[in-house]
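The residues making up each chain are set out below.
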Amino acid sequence: MIWVIGAILIWLALWALNIRLARRGHRFWVPVIFGFAILVLWEGTVRGLEISPIILPAPSQIAAKIATSTDVLWGDFVQTVLKGAMSGLVIGCAAAFAVSILVDRSPFLQRGLLPIGNFVAALPIVGTAPILVGWFGFDWQSKAAVVVVMVFFPMLVNTVQGLKESSAMQRDLMQTYAAGYTTTLLKLRLPAAMPFIFNGLKVATTLALIGAIVAEYFGSPTKGMGFRISTEVGRLNIDMVWAEIFVAAMVGSALYFAVVILEKAVTFWHPSQRG
Amino acid sequence: MKSIGPVLSVLIALVAIWYGATVWMNSGWTYDQAERKGLTPSFSEVVQDTMNQKRPRLPAPHQVAEELWKTTVEKKVTSKRSLVFHGWITLRATLMGFALGTALGIALAVAIVYSRVMEMSVMPWAVISQTIPIVALAPMIIVLSSSIGIEDRNVPKAIISAYLCFFPVLVGMVKGLRSPDAMQLDLLRTYGASGITSFLKLRLPTSVPYLFTSLKIGIAAALVGTIVGELPTGAIRGLGARILIGDQFGNPMMIWSALFAAAILAGALVTILGIVQNITLKRMGMAQ
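Residues numbered from 1 in each chain as written. Chains lettered and ligands numbered in written order. Predicted model: local features only at pLDDT ≥ 70, side-chain atom pairs only at ≥ 80, totals over all residues. Heavy atoms only, no water.

### A look at the overall build of chain A
So, step 1. What chain A contains, in helices and strands, is eleven helices and zero strands.
So, step 2. Taken from the N to the C terminus, the helices and strands of chain A come in the order α-α-α-α-α-α-α-α-α-α-α.
So, step 3. A compact globule built from 275 residues would reach a C-alpha radius of gyration of about 19 Å, whereas chain A, at 23 Å, exceeds it by more than 25%.
So, step 4. The principal-axis extent of the C-alpha atoms belonging to chain A is close to 75 × 55 × 30 Å.
So, step 5. Sequence separation of at least 24 residues holds for 72% of the intrachain contacts in chain A that already meet a minimum separation of 6. (Helix = DSSP H or I, 4+ residues; strand = E, 2+ residues; numbered from the N terminus. Rg over C-alpha atoms; globule rule 2.2 N^0.38 Å. Contact = heavy atoms within 4.5 Å.)

Below is the structure:
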């Protein structure tokens, strides 16, 4: 019981500290302390109520597991993230980008593709995973294929929308400069589309990890994060599952914030970036 | 309505590509079979065969449509082979998750709008929570809820879909609740309105258009969540389970028809919300 009460007390103390920090506007420390407080609460509850590690391991146990099995985690990371998700993400985004540049020249195609793309982007495309695993085999190629299908439509819709972003006045200006199609595209319309493209990229990075992991549930060589999660759940090694979840969370957040940093660098001129 | 023509032509083009791909993907099997019998089929025979295989690599559109028709209209709704039955299972979990996620999203949004500490501590984590691939957590959630003693198989699925759908609602509602400008808030203060009154009469009504936009994203996300929740868990009912079983038994028709049923379900849900949105906004005098 002491553990639980202690954890709640620490939680309250940290919350009080957060209230003081928030008044002074510490944008970085407040969420960090909040996250830390949740970990303390979790650890205290698991220890105090003696919850079996088969149900919910404590953060310290998960950390210990991560420390002792780095080589397995690294192997899974390479298989799922670098080979599956990354190659799929690059191919899917490049394909969507190319198609939207082509579609961009025809307003007819735009009007036809946008509603369909929007609709498809909302569908549970992860369901195609078993089909694509059947077509491309068990290795990372099939995972990349699932990721390509998943990221294609959100990227396409955002890029097509973004390319329409420049105003008639701006395009007229380019025309008075005697700029051709390519110049206008490169100097005006692509930069104007960047905020939309980055929105698409943010969606795509999360989808890429989901796709790569789900596809592994349907068949995989004996490594990969999805494979590990599904087999270790079956063997009740729940701490290993949480270790994989931790890696997945780290990778997901890292990818997302990489896109955010890139966005800040590329679209520094956009109102949303000039805090 | 201008876009009906283009949409239709793109759809027709997609179906045409699909038929082309059917011939290309299934012809290997056809040639293989013919070679074993010592025949050399003509091209038209090959095309005919690729359209009507029992276990094609890629079923033709009409085959999928036929399968959909057979498993929805011609089967009794209560039959375990009826897609309506499985769709209903999925829909129920989706709606549960949607309700849960929406409630959570709105509650968090209200807390965030009124409390700076909440905003600074919760908002970054809400963003991070969406970058965590939920599918990694899905098997965990199912194990956890069964060991706590929740027998209902809908609960873990609903939790997963709530996890996916609370975020758009949260972001939309924070934006919506903040959308009244300082002038309007000041006006209510000069009326001597209390915090609750200005919330109910000003902030809540102005947030409704934002709410509906995010609800439409949220319900699609909730459906994705339910299906993801059904995929890796050995569920036996629901559209995700149909996909899983179709994969295990090597029955591509089952996978494809379940996929299209899911797409139709998603479309129907978003459309219904769109209609409700139109009616509500018109009633409130906010329709554009």
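### Some remarks on the domain arrangement of chain A
So, step 1. When cut into domains, chain A gives domain 1 (2-51) and domain 2 (67-273).
So, step 2. When each unit is reduced to the centre of its C-alpha atoms, the spacing between domain 1 of chain A and domain 2 of chain A is 35 Å. (Domains from an automatic or database assignment.)

### Here's the deal with the packing of helix 4 (residues 70-104) of chain A against helix 9 (residues 181-217) of chain A
So, step 1. Contact geometry of helix 4 of chain A with helix 9 of chain A gives a least axis separation of 8 Å together with a crossing angle of 145°. Two packed elements cross with a definite hand, and for helix 4 of chain A against helix 9 of chain A that hand is right-handed. (Axes fitted to C-alpha atoms, helices over the stretch in contact; angles between N-to-C directions. Left-handed = near helix turned anticlockwise from the far one by under 90°.)

### Remarks on the domain arrangement of chain B
Residues and elements named next belong to chain B.
So, step 1. Structurally, chain B comprises domain 1 (4-58) and domain 2 (83-283).
So, step 2. A separation of 39 Å is found between the C-alpha centroids of domain 1 and domain 2.
So, step 3. Each partner contributes to the interface: domain 1 provides four residues, whereas domain 2 provides five residues.
So, step 4. Summed over both sides, the interface between domain 1 and domain 2 buries roughly 440 Å², with carbon and sulfur atoms accounting for 67% of that surface.
So, step 5. Ranking the residues of domain 1 by area buried against domain 2 places Trp 18, Arg 55 and Pro 56 at the top, with a combined share of 69%. (Buried area = accessible area lost by both parts, 1.4 Å probe.)

### A word on the pattern of salt bridges
Residues and elements named next belong to chain A.
So, step 1. Taken as a whole, this structure holds eight salt bridges over all chains when the rule is applied.
So, step 2. Residue Asp 76 is joined to Arg 228 by a salt bridge in which the shortest nitrogen-to-oxygen separation is 2.8 Å. Of this pair, Asp 76 sits in helix 4 while Arg 228 is found in helix 10 (residues 225-234), placing the two residues 152 residues apart along the sequence. Here Asp 76 matches Arg 228 in class, with each residue buried.
So, step 3. Salt-bridge contacts for Glu 263 lead to Lys 202; the nearest nitrogen and oxygen are separated by 3.1 Å. Residue Glu 263 is found in helix 11 (residues 238-266), and its partner Lys 202 is found in helix 9; the two are separated by 61 residues along the sequence. (Salt bridge = Lys/Arg side-chain N within 4 Å of Asp/Glu carboxyl O. Buried < 20%, exposed > 50% of the residue type's maximum accessible area, 1.4 Å probe, protein only.)

### Description of the nonpolar core
So, step 1. Of all hydrophobic cores here, the largest spans 135 residues; its most connected members are A:Val214, A:Phe218, A:Trp242, B:Ile134 and B:Leu170.
So, step 2. For this core, the leading source of residues is helix 9 of chain A, giving 15 residues.
So, step 3. Those residues in contact with B:Leu170, other than ones at most four positions away along the chain, are B:Gly105, B:Leu108, B:Ala109, B:Ile112, B:Met123 and B:Ala126.
So, step 4. Among the nonpolar cores identified, the runner-up in size contains eight residues, and A:Leu14, A:Leu21, A:Val30 and A:Ala37 belong to it. (Core = buried A, V, L, I, M, F, W, Y, C linked by side-chain atoms within 4.5 Å.)

### A word on empty space enclosed by the protein
Residue and element names in this part refer to chain A.
So, step 1. Under the defined criterion, the tally for this structure stands at one cavity of 30 Å³ or more.
So, step 2. Approximately 30 Å³ is the volume found for the largest cavity.
So, step 3. Lining of the largest cavity is provided by Trp 11, Leu 14, Trp 15, Asn 18, Ile 33, Phe 34 and Ala 37.
So, step 4. Of all the elements in the fold, those that place two or more residues in the lining of the largest cavity are helix 1 (2-24) and helix 2 (29-48). (1 Å grid on protein atoms, 1.4 Å probe; cavity = no way out; pocket = protein on both sides within 12 Å on 5 of 7 lines; lining within 4 Å. Points joined across faces, edges and corners; volume = space filled by probe spheres on them.)

### Details of the interface of chain B and chain A
So, step 1. Contact residues are listed per partner, giving 53 residues for chain B and 50 residues for chain A.
So, step 2. Sorting the residues of chain B by area buried against chain A places B:Met120, B:Thr131 and B:Met140 first, and these three jointly supply 14% of that buried surface.
So, step 3. At the surface where chain B touches chain A, the tally comes to zero salt bridges.
So, step 4. Between chain B and chain A we count two residue pairs in polar contact (both at pLDDT 80 or more) in total.
So, step 5. Looking at the side of chain B that touches chain A, the elements with two or more residues in it are helix 1 (4-37), helix 5 (116-131), helix 6 (134-148), helix 9 (195-230), helix 10 (239-248) and helix 11 (252-283) of chain B.
So, step 6. Looking at the side of chain B that touches chain A element by element, the count peaks at 13 residues for helix 5 of chain B.
So, step 7. Split by residue class, the side of chain B that touches chain A holds 40 nonpolar, eight polar and five charged. (Polar contact = N/O pair within 3.5 Å; in protein donor to acceptor, adjacent residues only side chain to side chain. Nonpolar A, V, L, I, M, F, W, Y, C, P; charged D, E, K, R; others polar.)

### Here's the deal with the packing of aromatic side chains
So, step 1. Inspection of every chain in the model, using the stated rule, returns nine aromatic pairs over all chains.
So, step 2. Put simply, the rings of B:Trp18, B:Trp256 and B:Phe260 pair up and form one aromatic cluster.
So, step 3. Sitting above the plane of the A:Tyr181 ring, A:Arg105 keeps its charged end 3.6 Å from the centroid.
So, step 4. Over the ring of B:Tyr114 we find B:Arg203, and its NZ or CZ is 5.5 Å from the ring centre. (Phe/Tyr/Trp six-rings, centres within 6.5 Å; stacked < 30°, edge-to-face > 60°. Lys NZ or Arg CZ within 6 Å of the ring centre and 35° of its normal.)

### Description of the environment of A:Trp42
Residue and element names in this part refer to chain A.
So, step 1. Within the secondary structure, Trp 42 sits in helix 2.
So, step 2. Separated by 155 residues in sequence, Trp 42 and Ile 197 place their C-alpha atoms 39 Å apart.
So, step 3. The contacts of Trp 42, once residues within four sequence positions are left out, are Leu 56, Pro 57, Ala 58, Pro 59, Ile 62 and Trp 242.

### Side note on the side chain of A:Ser142
Residues and elements named next belong to chain A.
So, step 1. Examined against the element boundaries, Ser 142 turns out to sit in helix 7 (residues 140-163).
So, step 2. Of note is the side chain of Ser 142, whose polar atom sits 2.8 Å from the backbone oxygen of Gly 137.
So, step 3. Residues in contact with Ser 142, not counting those within four places in the same chain, are Leu 132, Val 133, Phe 136 and Gly 137.

### So, helix 10 of chain A
So, step 1. The element helix 10 of chain A is extensively covered by neighbouring structure, given that seven of its ten residues are classed as buried.
So, step 2. Inspection of helix 10 of chain A places A:Met225, A:Gly226, A:Phe227, A:Arg228, A:Ile229, A:Glu232 and A:Val233 among the buried residues, and these make up the whole buried set.
So, step 3. Where helix 10 of chain A is buried, its residues meet helix 4, helix 9 and helix 11 of chain A together with helix 6 of chain B.

### Points about unusual backbone geometry
All names here are of chain A.
So, step 1. Look at Ala 178: it is not a glycine, yet its phi comes out positive at around 65°.
So, step 2. Since its relative accessible area comes to 67%, Ala 178 is described here as exposed.
So, step 3. In the Ramachandran plot, Leu 236 falls in the positive-phi region, its phi being about 60° despite a non-glycine side chain.
So, step 4. When its relative accessible area of 43% is taken as the criterion, Leu 236 is described as partly exposed.

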